Amino acid sequence: LFINDGLTASKKCISVDIGIPHDLHSNFMINETLVKQYLPPRPSHSHKGTYKKALMIGGSQSMHGALYYSAKACYRSGIGTLTCMIPECIYPIFASKISFAMNKVMPCENGYFKEGIVPDLQPYSLISIGNGMSLNKSTIQMVQHVLHSDKTVILDADALWACKDHKEWLNRKETTILLPHIKEMTYICDASISQILSNPFEIVKDFCRNHPNCILVLKSSLSIIGYKDKIYLLNQPNSALAKGGSGDILCGIVTGLCGQTNDYEKAVVCATYIHNQSVPNLDAACCLPDECIDTIPEIFKKLRT
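Calculation notes
Residues numbered from 1 in each chain as written. Predicted model: local features only at pLDDT ≥ 70, side-chain atom pairs only at ≥ 80, totals over all residues. Heavy atoms only, no water. Buried < 20%, exposed > 50% of the residue type's maximum accessible area, 1.4 Å probe, protein only. Helix = DSSP H or I, 4+ residues; strand = E, 2+ residues; numbered from the N terminus. Pairing = 2+ DSSP bridges. Phe/Tyr/Trp six-rings, centres within 6.5 Å; stacked < 30°, edge-to-face > 60°. Lys NZ or Arg CZ within 6 Å of the ring centre and 35° of its normal. Expected span 1.5 Å × (residues − 1). Contact = heavy atoms within 4.5 Å. Axes fitted to C-alpha atoms, helices over the stretch in contact; angles between N-to-C directions. Core = buried A, V, L, I, M, F, W, Y, C linked by side-chain atoms within 4.5 Å. Patch = residues over 30% accessible without salt bridge, like charges linked within 9 Å, V, L, I, M, F, W, Y side chains within 5 Å. Areas by Shrake-Rupley, 256 points an atom, 1.4 Å probe, with all protein chains shown as cover. Salt bridge = Lys/Arg side-chain N within 4 Å of Asp/Glu carboxyl O. Left-handed = near helix turned anticlockwise from the far one by under 90°. Nonpolar A, V, L, I, M, F, W, Y, C, P; charged D, E, K, R; others polar.

Okay, the pairing of strand β7 (residues 126-129) next. Burial along β7 is two-sided: Leu126 and Ser128 facing one way and Ile127 and Ile129 facing the other are all buried. Alignment of strand β2 (residues 53-57) against β7, held across four bridges, turns out to be parallel. Residue pairing in the sheet places Met56 in a bridge with Ser128 of β7. With four bridges joining them, β7 and strand β8 (residues 152-155) adopt parallel strand pairing.

Listed below in structure tokens is the structure:
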């Protein structure tokens, strides 16, 4: 019903309860009811340390906006404290746009992180990496360093490309969350774009069987989340998100929600739904990434009522 011409033929698909116990389910439709159950609570008696320390690694001279969107969405989504590791060439403009995050400024070369950087990751609980880093050797080196750590890692954008020839790096004991679109999925599995499009569910299942500590979000108009033997489906296509910056926002929401719980499976499900719902009431062609980020609080408020 959901692949190839299935949706065109069926027009509309809904999920209804036919009496099978929920603990026997392995496939789930993501909707508001499920997300309300999964959304982590926000206790009144808490402090910034309750919601973890995140490090976001990314940015380059030509793509500093990607990390900006991710960082802003992360803070909007409830992280405790946030540090952005950026190349020094973008520090002035990045710092002028973001006042809520700390900056870890690193040496750069030709507009990118300088090769050979080995940052201290110990102070952080969560690390996201990839947004706006560009495709170069320093990105590969940095991704390798992060994946060899004992931290929970969120891989997005150029960090997925860095794993293209090093898929063994994903065989970690710690949780790794991957956020590829269809093209980026080809970097981390042995399938072409056409093969993924023809049977995305099996591609996601195979990946999760081979990488049991990974949570995978295959982003498209039909988004599929896989973890161990479970599959979650979000069938709410929205062309307003079909533009640059949308994926960076999802990375930020995922990181922010993972700061509020250790149940990363549920956090990723919630983040994917919130991202989908964050589009403001505008024509689909006209939405800016900042406008989507500024809508996130409305979605949280609706889910908590």
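Still more ground to cover, so stick around.
Before going further, it helps to spend a moment on the pairing of strand β10 (residues 214-218). For a regular strand, the rule is simple: side chains alternate between the two faces of the sheet. Counting buried residues along β10, five of its five residues qualify, which places the element largely inside the surrounding structure. A two-sided burial pattern is seen for β10, the buried positions comprising Cys214, Leu216 and Leu218 on one face and Ile215 and Val217 on the other. Taken together, the four bridges between β10 and strand β11 (residues 223-227) define a ladder with antiparallel strand orientation. In the sheet register, Val217 faces β11, and the bridge partner there is Ile225. Count of turn residues in the β10/β11 antiparallel hairpin: four residues.

Overall, the coordinates contain four aromatic pairs when judged by the stated rule. Geometrically, the ring pair formed by Tyr68 and Tyr69 is tilted, given 5.3 Å between the ring centres and 50° between the ring planes. Residue Tyr68 shares its accessibility class with Tyr69, and that shared class is buried. Ring pairing ties together the aromatic residues Phe28, Tyr38 and Tyr232, which thus form one cluster. Positioned above the aromatic ring of Tyr51 is the side chain of Arg42, whose terminal nitrogen or guanidinium carbon lies 3.7 Å from the ring centre.

Here we take up helix α12 (residues 289-304). For α12, spanning 16 residues, the distance from its first C-alpha to its last is 24 Å, which sits close to the expected 22 Å at 1.5 Å a residue. Of the residues making up α12, those classed as buried are Pro289, Cys292, Ile293, Thr295, Ile296, Ile299, Phe300 and Leu303. Contacts made by the buried residues of α12 are with α2 (32-38), α3 (64-76), α10 (246-258) and α11 (264-277).

A word on the sheet that holds strand β12 (residues 230-234). On the basis of which strands lie adjacent, the open sheet formed by 10 strands has the order β1-β12-β11-β10-β9-β8-β7-β2-β3-β4 and mixed pairing. Pairing within the sheet leaves two strands with one partner each, and these edge strands are β1 (27-29) and β4 (102-106). Across this sheet, the average inter-strand angle for adjacent strands is 15°, counted without regard to direction. Here five bridges tie β2 to strand β3 (residues 81-87), and the two strands are oriented parallel to one another. Residue pairing across strands places Ile57 opposite Met85, the latter belonging to β3. Relative to β11, helix α9 (residues 200-210) is tilted by about 25°, and along the sheet it contacts β9 (176-178), β10, β11 and β12.

Let us look at the nonpolar core. Counting residues in hydrophobic clusters, the biggest one holds 57 residues, and the most contacted among them are Leu82, Ile177, Val254, Leu257 and Ile274. Setting aside anything within four residues of it in sequence, one finds Leu257 in contact with Leu39, Pro40, Ser77, Ala267, Cys270, Ala271, Ile274 and Phe300. In terms of nonpolar packing, the next biggest core, distinct from the first, is built from 46 residues, Ile127, Ile129, Ala191 and Ile224 among them.

A contiguous nonpolar patch, built from Ile14, Val16, Ile18, Ile20 and Leu24 and spanning about 570 Å² of accessible area, is present on the exposed surface. For Val16, the location among the structural elements is in the loop between α1 (6-10) and β1. Exposure remark for Val16: the relative accessible area of 57% places this residue in the exposed category.

Contact pair α10 / α12: the axes reach a minimum separation of 11 Å and the direction vectors enclose 35°. Of the two possible hands of crossing, α10 and α12 adopt the one that is right-handed. Side by side, α10 and α12 meet where Ile249, Ile253 and Leu257 of the first sit next to Pro289, Cys292, Ile293, Ile296 and Phe300 of the second. Of the residues contributing to the contact of α10 with α12, the split by class is eight nonpolar, no polar and no charged.

This structure, assessed with the given rule, holds 12 salt bridges. Here Glu32 makes a salt bridge to Lys302, at a shortest N to O gap of 3.6 Å. Taken together, the positions of Glu32 in helix α2 and Lys302 in helix α12 put the pair 270 residues apart, joining distant regions of the chain. Residue Lys302 is classed as partly exposed on the basis of its relative accessible area of 47%. Residues joined in a network through salt bridges with shared partners are Lys72, Arg76, Asp290 and Asp294.

Keep in mind that these numbers describe shape and distance, not what the molecule does.
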